[in-house]
Amino acid sequence: MPAPGTKGVTVPDSDNQRPEAATPWTPPTIHGSEPLRVAAAVAGPPVLAELVIAAASLTGTAATAIRIAGWVLAVAVVISTVVRSLMGQVAAARVAAADAHGKALVARTEVDFRSSFERALAQTESEPAAIRCLLRAVSELRPETDTALLLSVPDEPKVGWSVRLVDGELEPARPVPDTPGCAALASATTTSTTSSSLDACAHVTALDMAVASICIPMRLDDRLLGAVSMMDAPGESPDDHTIALLEWIVERTAVRVSEQRRLQGRSVIAREDDITGLPGPQALDRQLRDSIRSLVPFCVALVDVDDFAGLRRHHGEDDTNDSLRVLADSLRLTLRPEDLVCRLDGGRFAVVLGNCGATHASLALERVREALALTLSMDHRAPFTFSAGVVESHKATSIDDLMDRATRAAKLAHGNGGNRVAVAPD
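Only a predicted model underlies this, so the values are computations on that prediction, with no experimental measurement involved.

Pairing within the open sheet is antiparallel, and its six strands lie in the order E5-E2-E1-E8-E7-E6. Only two strands of the sheet have a single partner each, and these edge strands are strand E5 (174-175) and strand E6 (191-194). Relative to strand E7 (residues 212-220), E6 runs antiparallel, the two being bridged by four bridges. If you follow Thr191 over to E7, its bridge partner there is Cys215. Along the sheet face, helix H3 (residues 127-141) touches strand E1 (146-152), strand E2 (159-163), E7 and strand E8 (223-232) and points at about 145° away from the line of E1.

Once that is clear, we can look at the nonpolar core. The biggest cluster of nonpolar side chains holds 33 residues, and the ones touching the most others in it are Met218 and Ile249. Elements with a minimum of two residues in this core: helix H2 (60-122), H3, E1, E2, E7, E8 and helix H6 (240-264). Not counting residues within four places of it along the chain, the set of residues in contact with Met218 comprises Leu134, Leu149, Arg223, Leu224, Leu225, Gly226, Ala227, Val250, Thr253, Ala254 and Val257.

Together, Val47, Leu48, Leu51 and Val52 make up a nonpolar patch on the protein surface, roughly 370 Å² of accessible area in all. Its place among the elements puts Val47 in helix H1 (residues 34-56).

Located in the positive-phi region is Ala188, a residue other than glycine, with phi close to 60°. Using a relative accessible area of 31% as the deciding quantity, one classes Ala188 as partly exposed. Although it is not a glycine, Asn419 adopts a positive phi angle of roughly 55°. Along the chain, the position of Asn419 falls in the loop between helix H10 (399-415) and strand E13 (421-423).

Right, let's get into the state of the cysteines. In this structure the tally under the stated criterion is zero disulfides. Cys215 forms no disulfide, and the closest cysteine sulfur to it belongs to Cys182, at a distance of 4.1 Å. A residue is classified by how much of its surface remains accessible, and Cys215, at 0% relative accessible area, is buried.

At a closest axis distance of 11 Å, the pairing of helix H7 (residues 281-294) and H10 adopts a crossing angle of 110°. Accordingly, the angle class assigned to the pair H7 and H10 is roughly perpendicular. H10 is crossed by H7, and the crossing has right-handed handedness. The segment H7 lies against H10, with Leu284, Asp285, Leu288, Arg289 and Ile292 engaging Ile399, Leu402 and Met403. Of the residues contributing to the contact of H7 with H10, the split by class is six nonpolar, no polar and two charged.

Looking now at the pattern of salt bridges. Counting across every chain of the model gives 18 salt bridges. Arg132 serves as the salt-bridge partner of Glu169, at 3.8 Å between the closest nitrogen and oxygen. Residue Glu169 is found in strand E4 (residues 169-170), and its partner Arg132 is found in helix H3; the two are separated by 37 residues along the sequence. On the accessibility criterion, Glu169 (48% relative accessible area) is partly exposed. For Arg132, a relative accessible area of 28% gives the class partly exposed. Because the salt bridges share partners, they merge into one network encompassing Arg223, Arg336, Glu338 and Asp339.

To continue, consider the packing of helix H8 (residues 308-334) against helix H9 (residues 358-379). In the contact formed by H8 and H9, the axes pass within 9 Å of each other and the chain directions differ by 130°. Here H9 runs oblique to H8, going by the angle between their axes. You can see that H8 and H9 cross each other, and the crossing is right-handed. Where H8 abuts H9, its residues Val326, Leu327, Ser330, Leu331 and Thr334 lie against Ala364, Leu365, Arg367, Val368, Ala371, Leu372, Thr375 and Leu376. When its residues are assigned to classes, the contact of H8 with H9 shows nine nonpolar, three polar and one charged.

About the thresholds
Residues numbered from 1 in each chain as written. Predicted model: local features only at pLDDT ≥ 70, side-chain atom pairs only at ≥ 80, totals over all residues. Heavy atoms only, no water. Pairing = 2+ DSSP bridges. Helix = DSSP H or I, 4+ residues; strand = E, 2+ residues; numbered from the N terminus. Contact = heavy atoms within 4.5 Å. Axes fitted to C-alpha atoms, helices over the stretch in contact; angles between N-to-C directions. Core = buried A, V, L, I, M, F, W, Y, C linked by side-chain atoms within 4.5 Å. Buried < 20%, exposed > 50% of the residue type's maximum accessible area, 1.4 Å probe, protein only. Patch = residues over 30% accessible without salt bridge, like charges linked within 9 Å, V, L, I, M, F, W, Y side chains within 5 Å. Areas by Shrake-Rupley, 256 points an atom, 1.4 Å probe, with all protein chains shown as cover. Salt bridge = Lys/Arg side-chain N within 4 Å of Asp/Glu carboxyl O. Disulfide = S-S within 2.5 Å. Parallel < 35°, antiparallel > 145°, perpendicular 65-115°, else oblique. Left-handed = near helix turned anticlockwise from the far one by under 90°. Nonpolar A, V, L, I, M, F, W, Y, C, P; charged D, E, K, R; others polar.

Written out as structure tokens, the structure is:
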């Protein structure tokens, strides 16, 4: 793993190939015309000294002194032209060898990091575990970075919730006020900006400080789950290779989460309801447990036919059952395919809307009300309406609390005249 405190990893472009060992250092050699130049530099001063002695007809001590001066000058020339050059070559070779060795170590570190991350990710058995592995890996690469997984609002390039890693553990998903926009979600590509840029994400510009931001979208099959957001001080953004490594981490995590969803499924159809063909309470309980473990925010809606007892009293058992089937079809056909619709008992239904907030869940149920009214008017059936109560997953402390809050919200809708949707109060 990279040493704590490192700001990024700069390695060769190869992703998985272990780099070769650095080339051993070898002493520099002298090539080409270098020997002639060196010989001329060494022989020049003594020859010049002999010429001076001959021209001046010097003998004895004076001649000896000039000869000594010539050889001293020759030695100085050798030191300045040969020894220093060789020392420079030696120093440069040692620096190059150290640099190559350092790059090889960094490259081997990345290979080990990738292998370690792949092993850890393969051992995860749930979405929270995979997301925790993702955020831990990003934290190891960028320990000083403020990192979060921003979950998107369904079918919109906006941030609905934030998931963070605190002391090595995942915090529950927390709503992001005003559902700000995210450029990475809008473009489905990695974005790198600063909070002062014109194209900065709305969740970054809303901060009270200047930051540099990188957002990497996380795609599950054909949908975006959200984006991994990393914020640093201005000028502290990672280099291109580190960004590529971070994108690889996000991509591998997305693949693992998709595998987990396919293996485990979002719900298990238990015993079907005899009248509507919908799953029953057991499927609802299983779905709620799976949704809570996934850490992805969701909503629960309790749908209750207005004056169900009066409907049975005035229209009989067969027409009432037919009305329940019409409502079941309106829910099933209007809501998203991945939303779970169950019949509980009597005129009560339950809906689990994954990766959804109260506002969008309420709008979806309003569309169900409109679809039901249109169907009843066209088929000339006995008219009836329903009221619904919606609660967001993070507002409750348990499954029982979740259903209690949804039930109270439905009663609130009934109490306000029925044929409406109410959101559970805080």
